[in-house]
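Commentary on secondary and tertiary structure
Take a look at the letters that make up each chain.
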Amino acid sequence: MQLTLWTYEGPPHVGAMRVATAMQDVHYVLHAPQGDTYADLLFTMIERLPRRPPVTYTTFQARDLGGDTAELFKDAARDAMQRFQPAAMLVGSSCTAELIQDDPGGLAQALQLPIPVVPLELPSYQRKENWGASETFYQLCRHLVHQPATAATPESDAGAAPEAAPRRPRCNILGPSALGFRHRDDVKEITQLLNSLGIEVSVVAPMGASVADIQRLAEADFNVVLYPEVGLAAAQWLQRQFDQPYTKTIPLGSHATRDFMAEVCGLTGLTPPAQDPQHAHAPWYAKSVDSTYLTGKRVYIFGDATHVVAAARVARQEMGFEVVGLGTYSREFAREVRECAKQHGIEALITDDYLQVEDQINALQPELILGTQMERHIAKRQGIPCAVISAPVHVQDFPARYAPQMGFEGANVLFDTWVHPLMMGLEEHLIGMFREDFEFHAGAAPSHLGSNRPAAELVAQKSAQAPTADMATTHATTNTATGATAGTTAGIKPQPTPPSPSTLQGVPAVGVQVVGVQAVAVPAQAASNQAIWSQEAEKELGKIPFFVRGKARRNTERFAQDLGVATITVETLYDAKAHFSR
């Protein structure tokens, strides 16, 4: 055990809670001391479920350790049976209660309850949350799945009914659970995808499944494993016991979704569609001219093994990113992640210590981080764009809207989620570079407000409050349309006096001159006749996007003029960028 501020995974009994909470009529009796009773916090405040998790605690205290804690467990199991009337019961111990060795499984069997009781042996000091969820689902399948009934041969008499049409292929979707990253939306998206191929989804488990659903898992033709961390062990057992094949491809990203469709069609003998659906926008967006900005962006990926391996493929093949680092906290799938890292010419980081992850990010300095809730905090401290792709996550990653990660709609969501932090980073960079420009300075109105600039409003307000004589003088000496003055014919050129800063808060101090009641831009004095651009500086200037290149040139020339620089070099260009970004 290691004391830490954050942890990627909880103890294995949290994984058991995730399975029990995801199902409909299963109850979990957990032998645990007071203080380990945090299931309500996990599921109702983070995932925002509309019901309490089906978990009953024994909540023994220190004074109970000198008595019969086994009797406390039996009382809790008996009370849970009478109150909740579940169709099956899970029993186990938390990491603290494991030390007193009360054997919840044996105690529950001694009660001779009228429902299946599934004992869970979850070693809290060797295993963690995802393994606990996988083991719980596997044990439920072992205890509950029934042998599929053999179809009866119809009698061949004259009155026999005509032969029914062949049924559609059927599959189960295995792995989605409570507290999973976008599991609800992924299940909906993949169910729609399978239905469009002509495949019927029989059971989704453990999410939304009942005990009766688990009992008929073996009746399907094959299994779709969406989340191997939870569903792979059960799928492998179903294959051994009932010859049910299962899918190996995770449909995360456009390319992987096509591979997934080809795999399930191969298992069922169906013909995969020739074209992507009309709502598959991500492939076109990724090929568009706007996305050339993304090519070669350095990305760091960390999370559970399933999402890391899939995200690395999407990042390289669909986005044009360069994967400079990746890793996982899922030690059970370390081999798969290491193989993925070799394909990118890097070494995978296998750890559950977020401080090691932060150290690697500091060393690599990527331009985008794809990670968990922990990497979101690391990225915030480092000022690096970040998108969350994996559990553990917080409340903001359980959105009310439909936002899958898998399938073609999931590929659309991935494109938006990953690209927008980079685009917004570019926008902030440009605004910072031209902070003193009359359009982008801190006092300028938002561009979507058009001509309603606060400077004009404040000048008009000042003019309205001024004495009549001053206003007459202003009108007599200033012509806002031509810039000519009444005194020019006599050789007199009066200079308008700008209002004081105390009365014009928000009026730009650089690049704007107040004339009458309007704030107009004063063009910066050209410095090209004083400073000459070197060939290297001109080449570097050409790398700046065309729509801001002119402003970059003007700001750099003004910077060079102020410093008395005769030749603008690459260093001068970047010094000007740093100056205007302050």
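Computed from a prediction, not measured in an experiment: that's the story for all the values here.

**Section: the overall build of the protein**
Each helix and strand in the protein was counted, giving 20 helices and 16 strands. Partitioning the contacts of the protein with sequence separation of at least 6, the portion at a separation of at least 24 is 71%. Carbon and sulfur atoms provide 52% of the accessible area of the protein, an area that totals close to 29,400 Å².

**Describing the sheet that holds strand S9 (residues 322-328)**
Pairing within the open sheet is parallel, and its five strands lie in the order S10-S9-S8-S11-S12. Edge positions in the sheet fall to strand S10 (349-350) and strand S12 (386-388), since each has one partner strand and no second. The sheet contacts of helix H12 (residues 334-343) involve S9 and S10, and relative to S9 the element is tilted by about 170°. In this fold helix H13 (residues 354-364) packs onto strand S8 (298-303), S9, S10 and strand S11 (368-371), with an angle of close to 175° to the strand it touches most, S8.

**Examining the pairing of strand S3 (residues 88-93)**
In terms of residue burial, S3 counts as a mostly covered element, since six of its six residues are buried. What you see with S3 is no split at all: Ala88, Leu90 and Gly92 on one side and Met89, Val91 and Ser93 on the other are buried throughout. Relative to strand S4 (residues 117-119), S3 runs parallel, the two being bridged by three bridges. What sits directly across from methionine 89, in S4, is valine 117. Handedness of the β-α-β unit built from S3, helix H4 (residues 104-110) and S4 comes out right-handed.

**Side note on the packing of helix H1 (residues 12-22) against helix H5 (residues 129-144)**
Describing two packed helices takes the angle between their axes plus the distance from one axis to the other. Direction vectors running N to C along H1 and H5 enclose 50°, while the axes themselves pass 6 Å from each other. On the basis of the axis angle, H1 is oblique to H5. In the packing of H1 onto H5, the handedness of the crossing is right-handed. Facing Pro12, Val14, Gly15, Ala16, Arg18 and Val19 of H1, the residues of H5 in contact are Glu129, Asn130, Trp131, Gly132, Ala133, Thr136, Phe137 and Leu140.

**Overview of the confidence of the model for the protein**
When pLDDT is averaged across the protein, the result is 81; 75% of the residues are at 70 or more. Here residues 151-158 scores under 50 on pLDDT; set against residues more than four positions off or in separate chains, the count is one contact. The low-confidence segment residues 455-460, where pLDDT is below 50, has 12 contacts with residues more than four positions distant or belonging to other chains.

**A closer look at the pattern of salt bridges**
Oppositely charged side chains may form a pair once their charged atoms are brought near each other. As enumerated under the stated definition, the model contains 18 salt bridges in all. Across the pair aspartate 75 and arginine 78 runs a salt bridge, and its minimum N-O distance is 3.0 Å. Of the two residues, aspartate 75 and arginine 78 both sit in helix H3 (residues 69-84), three residues apart, roughly one turn of that helix. Relative accessible area serves as the criterion here: at 32%, arginine 78 is assigned to the partly exposed category. Close ionic contact of glutamate 557 with arginine 553 constitutes a salt bridge, the shortest N to O distance being 3.9 Å. Residue glutamate 557 and its partner arginine 553 are both found in helix H19 (residues 546-563); the two are separated by four residues, about one turn of the helix. Arginine 553 gets classed as partly exposed once you look at its relative accessible area, which sits at 27%.

**Quick word on the environment of alanine 76**
Tracing the backbone through its elements, the reader meets alanine 76 in helix H3. The class of alanine 76 is buried, set by a relative accessible area of 9%. Taking the C-alpha atoms as reference, alanine 76 lies 9.3 Å from threonine 59; in sequence the two are 17 residues apart.

**Points about the packing of helix H9 (residues 254-268) against helix H11 (residues 305-318)**
In the contact formed by H9 and H11, the axes pass within 8 Å of each other and the chain directions differ by 115°. When the axis of H9 is compared with that of H11, the two are roughly perpendicular. Contact residues: Ser254, His255, Ala256 and Asp259 in H9; Arg313, Gln317 and Glu318 in H11. Of the residues contributing to the contact of H9 with H11, the split by class is one nonpolar, three polar and three charged.

**What to know about the nonpolar core**
Of all hydrophobic cores here, the largest spans 56 residues; its most connected members are Leu194, Ile301, Phe321, Leu326 and Trp418. Contacts of isoleucine 301, omitting those with residues within four sequence positions, involve Val308, Ala311, Ala312, Ala315, Val323, Gly325, Leu326, Gly327, Leu370 and Ile389. Within the second largest apolar cluster, 53 residues are counted, among which are Val118, Leu120, Ala133 and Ala209.

Quick notes on the rules
- Residues numbered from 1 in each chain as written.
- Predicted model: local features only at pLDDT ≥ 70, side-chain atom pairs only at ≥ 80, totals over all residues.
- Heavy atoms only, no water.
- Helix = DSSP H or I, 4+ residues; strand = E, 2+ residues; numbered from the N terminus.
- Contact = heavy atoms within 4.5 Å.
- Areas by Shrake-Rupley, 256 points an atom, 1.4 Å probe, with all protein chains shown as cover.
- Pairing = 2+ DSSP bridges.
- Axes fitted to C-alpha atoms, helices over the stretch in contact; angles between N-to-C directions.
- Buried < 20%, exposed > 50% of the residue type's maximum accessible area, 1.4 Å probe, protein only.
- Right-handed = clockwise from strand over helix to strand, strands pointing away.
- Parallel < 35°, antiparallel > 145°, perpendicular 65-115°, else oblique.
- Left-handed = near helix turned anticlockwise from the far one by under 90°.
- pLDDT = per-residue confidence, 0-100.
- Salt bridge = Lys/Arg side-chain N within 4 Å of Asp/Glu carboxyl O.
- Nonpolar A, V, L, I, M, F, W, Y, C, P; charged D, E, K, R; others polar.
- Core = buried A, V, L, I, M, F, W, Y, C linked by side-chain atoms within 4.5 Å.

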